[in-house]
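Commentary on secondary and tertiary structure
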Amino acid sequence: MVAEKQYRGAVTQVEGDRTLSRLMIMLLILFALIATYYILNQYGWIAVISDLELLKSAVTHAEVTGGLMIIGLMSVAIVLNPIPSAPIAFVSGALYGHTWGTVYIVIGAQIGAMLAFIIARVGGRKLIIRLFGHNRVPDWIGTQNSLTLIVFLSRLVPFISFDLVSYGAGLTSLKLWRFSIATLFGLMPASFLLAHYGSEVSASDMNEAIVYIALIGLVVLLPLLLGVIKMISKSRIVKTHE
């Protein structure tokens, strides 16, 4: 009996230590993100990213590493929500055309999305499970297929926050490989449109171009969204009967 109590006490202590470790990891991640934003702002990069002409000039001066700069900035913009990603995408299209402009946008956005997902999964989901149990984790949406489809559809429309979807997906039970595939194929159409308009419009037309892209995405999204709602409804009906 004494041995059993000691064993349970040791297990509780280990679980407590793991929870504390995850909490510390989460705090360190938050500190690193805030510090990164502060440094970028201090050195004027936030202002550069927000201005098409300044950003275009900076990438142009980077010469052969300009493509890597686009990828890096896009990744950072996805992980750090306050940084706008649309200007980076437009500049990518303006300087590298439809094909390579799209490639750089997709690579950067994919890397950023994966990082955001992993941060939420390691620092958020597992910590919530440790503190509150599985019941408090947002898995109400449904199956792996449902979650994958929702991520895919959200990528089709620019006005749905890319960053928040990535972090939110990391808090669910969605598998990393499913998230990666859904993100990759979902962001390709929007990335191509952003690169296309970036090569066609001037800085003064950027907001108008974003509106057009959002409308196109909405037209594509609505029929698919109705299908998802029907699929989830049927899934719940089946579970109720079971």
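1. What about the nonpolar core?
With 44 residues, the main nonpolar core has L55, M74, I83, I88, Y167 and F179 as its most contacted residues. Contributing elements (two or more residues each) for this core: α1 (2-42), α2 (45-50), α3 (52-61), α4 (66-79), α5 (86-132), α6 (144-155), α7 (162-170) and α8 (176-200). Here this core gets 14 residues from one element, more than from any other, and that element is α5. Discounting residues that sit within four places of it in the chain, L55 has contacts with V48, I49, L73, P87, I88 and V91.

2. Considerations on α3
Here α3 has its buried residues at L52, L55 and V59. Buried residues of α3, viewed axially, fall in a sector of 70 degrees; they line one side. The opening residue of α3 is D51, an N-cap whose side-chain oxygen sits 3.0 Å from the backbone nitrogen of E53. Of the residues one or two after α3, E63 is the one with positive phi, at around 55 degrees.

3. A short note on α6
Helix length check: α6 (twelve residues) gives 17 Å between terminal C-alpha atoms against 16 Å at 1.5 Å per residue, within 8%. For α6, the set of buried residues is Q144, S146, L147, T148, V151, L153, S154 and R155.

4. Re the packing of α6 against α7
Close contact between α6 and α7 brings their axes to 10 Å; oriented N to C, the two are set at 170 degrees. The angle between α6 and α7 falls in the class roughly antiparallel. Within the contact between the two elements, α6 uses V151, S154 and R155 and α7 uses F162, V165, S166 and A169.

5. What about the packing of aromatic side chains?
Ring pairs (aromatic) are described by centroid distance and by the angle formed between their planes. Counted under the stated rule, the structure contains three aromatic pairs. On the numbers, 5.8 Å between centres and 35 degrees between planes, the contact of W100 with Y104 is tilted. Of this pair, W100 and Y104 both sit in helix α5, separated by four residues, roughly a single helical turn. Here a set of aromatic residues connected by ring pairs shows up, and it is made of Y96, W100 and Y104.

6. Focus on the side chain of R155
Tracing the backbone through its elements, the reader meets R155 in helix α6. In this structure the side chain of R155 is engaged in a polar contact, spanning 2.9 Å, whose partner is the side chain of S166. Those residues in contact with R155 that lie beyond four places of it in its chain are A113, F162, V165, S166, F179, A182, T183, G186, L187 and A190.

7. Quick word on the confidence of the model for the protein chain
Close inspection of predicted coordinates is inappropriate in any region flagged by low pLDDT. Mean pLDDT over the protein chain stands at 78; residues scoring 70 or higher make up 66%. Predicted confidence in the protein chain is weakest over helix α9 (residues 206-241), with a mean pLDDT of 60, and strongest over α4, with 94.

8. Here's the deal with unusual backbone geometry
Notably, E63 is not glycine yet its phi reads approximately 55 degrees, a positive angle. Checked against the element boundaries, E63 lands in the loop between α3 and α4. You can call E63 exposed: its relative accessible area is 62%.

9. Points about the side chain of T102
Residue position: T102 is located in helix α5. Of the residues examined, T102 reaches a relative accessible area of 12% and is grouped as buried. Polar contacts involving the side chain of T102 include one to the main-chain carbonyl oxygen of H98, which spans 2.5 Å. Ignoring any residue separated from it by four or fewer positions in sequence, one finds T102 in contact with G97, M188, S191, F192 and A195.

Reading the values: the criteria
- Residues numbered from 1 in each chain as written.
- Predicted model: local features only at pLDDT ≥ 70, side-chain atom pairs only at ≥ 80, totals over all residues.
- Heavy atoms only, no water.
- Core = buried A, V, L, I, M, F, W, Y, C linked by side-chain atoms within 4.5 Å.
- Buried < 20%, exposed > 50% of the residue type's maximum accessible area, 1.4 Å probe, protein only.
- Helix = DSSP H or I, 4+ residues; strand = E, 2+ residues; numbered from the N terminus.
- Contact = heavy atoms within 4.5 Å.
- Arc of directions from axis to C-beta.
- Polar contact = N/O pair within 3.5 Å; in protein donor to acceptor, adjacent residues only side chain to side chain.
- Expected span 1.5 Å × (residues − 1).
- Axes fitted to C-alpha atoms, helices over the stretch in contact; angles between N-to-C directions.
- Parallel < 35°, antiparallel > 145°, perpendicular 65-115°, else oblique.
- Phe/Tyr/Trp six-rings, centres within 6.5 Å; stacked < 30°, edge-to-face > 60°.
- pLDDT = per-residue confidence, 0-100.

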